Amino acid sequence: MLTFNYYGHACFQLDDGTYKLLFDPFLTGNPLATTNPKDIETDYIFVTHAHSDHIGDAYDILERCNATAIGIPEVTDTVGGEVKFINMNLGGTLNLPFGFVRMVPALHSAGIPGGVPCGYVVGIGGKIIYYAGDTALFSDMKLIGQRDKIDYAILPIGDHYTMGPEDAAKAVEMLDASNVIPVHYNTWDVIKQDPEKFKALVKTATVLIVNPGESLNLDEEQYKRI
Ligand code: NI
Ligand code: MN
């Protein structure tokens, strides 16, 4: 079973029952977080860029779990300390024990001089998941959707720092994704959004609204509470 665990803001985990992949682990100081970073177990941490609402608790979790960080070198350098890294860069694909990861562009700032932000396409548990990270809408999303048949797109809808609901709905169309999970909204007033309005704007995919602390079985697309 492949599970999506949502921890609030843009922090979530994919768990295939064997491998746990944690993305943008911002929990300390995250007003929506329902989970203490000390309670998270993971094998990998994927970081999209070095803004504090993404790199967050990466170092502490990496060290405690003896997990491996994946990211762009300039960004993983900011995690610091003696932890395991796999550095990669845009366009690269790695085959890893859980499946594959492909690093794709994002249109944002990196939060660190010299780096660039990224998104990830991940193959795990027979599904393809695209996590956009923080990004504006950009036309090359169409290429990302042509390269891989995206089962689940995880997209920011908060506006202000990233695309908002209208552009995210356009992104879903360009990606030709089957399902979409909105993230990066309602954490603070400046990114307040009604996910139901986003749902109404999306005509080409199923919108799955997941609340912080909830999990989604990506095999059955049904909610279960954690
Ligand atoms: Ni950012
Ligand atoms: Mn952000």
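Our structure is the block above this text.
Residues numbered from 1 in each chain as written. Chains lettered and ligands numbered in written order. Predicted model: local features only at pLDDT ≥ 70, side-chain atom pairs only at ≥ 80, totals over all residues. Heavy atoms only, no water.

1. Some points on the coordination of the nickel ion (ligand 1)
Donor atoms from the polypeptide that bind the nickel ion (ligand 1) are His49 (NE2), His51 (ND1), His108 (NE2) and Asp134 (OD), placed at 2.2 to 2.3 Å. When the donor residues of the nickel ion (ligand 1) are listed from N- to C-terminus, their spacing reads H-x1-H-x56-H-x25-D. A spacing of 3.3 Å is found between the nickel ion (ligand 1) and the manganese ion (ligand 2), which share Asp134 as a donor. Here Asp134 lies in the loop between strand S10 (127-131) and helix H4 (141-147) and His49 lies in the loop between strand S4 (44-46) and helix H1 (52-55), a separation of 85 residues in the sequence. With respect to burial, His49 and Asp134 carry one shared label: buried. (Donors = N, O, S within 2.8 Å, 3.2 Å for Na, K, Ca; no water. Helix = DSSP H or I, 4+ residues; strand = E, 2+ residues; numbered from the N terminus. Buried < 20%, exposed > 50% of the residue type's maximum accessible area, 1.4 Å probe, protein only.)

2. Section: the environment of Arg147
Topologically, Arg147 is positioned in helix H4. Classification of Arg147 as exposed rests on a relative accessible area of 55%. Placed 62 residues apart in sequence, Arg147 and Ile209 show a C-alpha to C-alpha distance of 26 Å.

3. Quick notes on the side chain of Arg102
The topology assignment puts Arg102 in strand S8 (residues 99-105). A polar contact is formed between the side chain of Arg102 and the side chain of Asp148, at a distance of 3.0 Å. (Polar contact = N/O pair within 3.5 Å; in protein donor to acceptor, adjacent residues only side chain to side chain.)

4. Section: the state of the cysteines
Throughout the structure, instances matching the rule amount to zero disulfides. Looking at Cys65, it has no disulfide partner, and the nearest cysteine sulfur is the one in Cys11, 12 Å off. With relative accessibility at 16%, the residue Cys65 sits in the buried group. Looking at Cys118, it has no disulfide partner, and the nearest cysteine sulfur is the one in Cys11, 15 Å off. According to the relative accessible area criterion, Cys118 is buried, its value standing at 1%. (Disulfide = S-S within 2.5 Å.)

5. Quick look at the pairing of strand S5 (residues 68-71)
The two faces of a sheet get side chains in turn, since along a regular strand they alternate between them. Of the two faces of S5, the one carrying Thr68 and Ile70 and the one carrying Ala69 and Gly71 are both buried. Note: S4 against S5, three bridges, orientation parallel. Bridging across to S5, Tyr44 finds its partner in Thr68. When S5 meets strand S6 (residues 84-87), the two strands line up parallel, connected through four bridges. Residue Gly71 lies in a different strand from S6, and its bridge partner there is Asn87. (Pairing = 2+ DSSP bridges.)

6. A look at the coordination of the manganese ion (ligand 2)
On the protein side, the manganese ion (ligand 2) has Asp53 (OD), His54 (NE2), Asp134 (OD) and His184 (NE2) as donor atoms, found 2.1 to 2.2 Å from it. Considered as a linear motif, the donors of the manganese ion (ligand 2) on their single chain read D-H-x79-D-x49-H.

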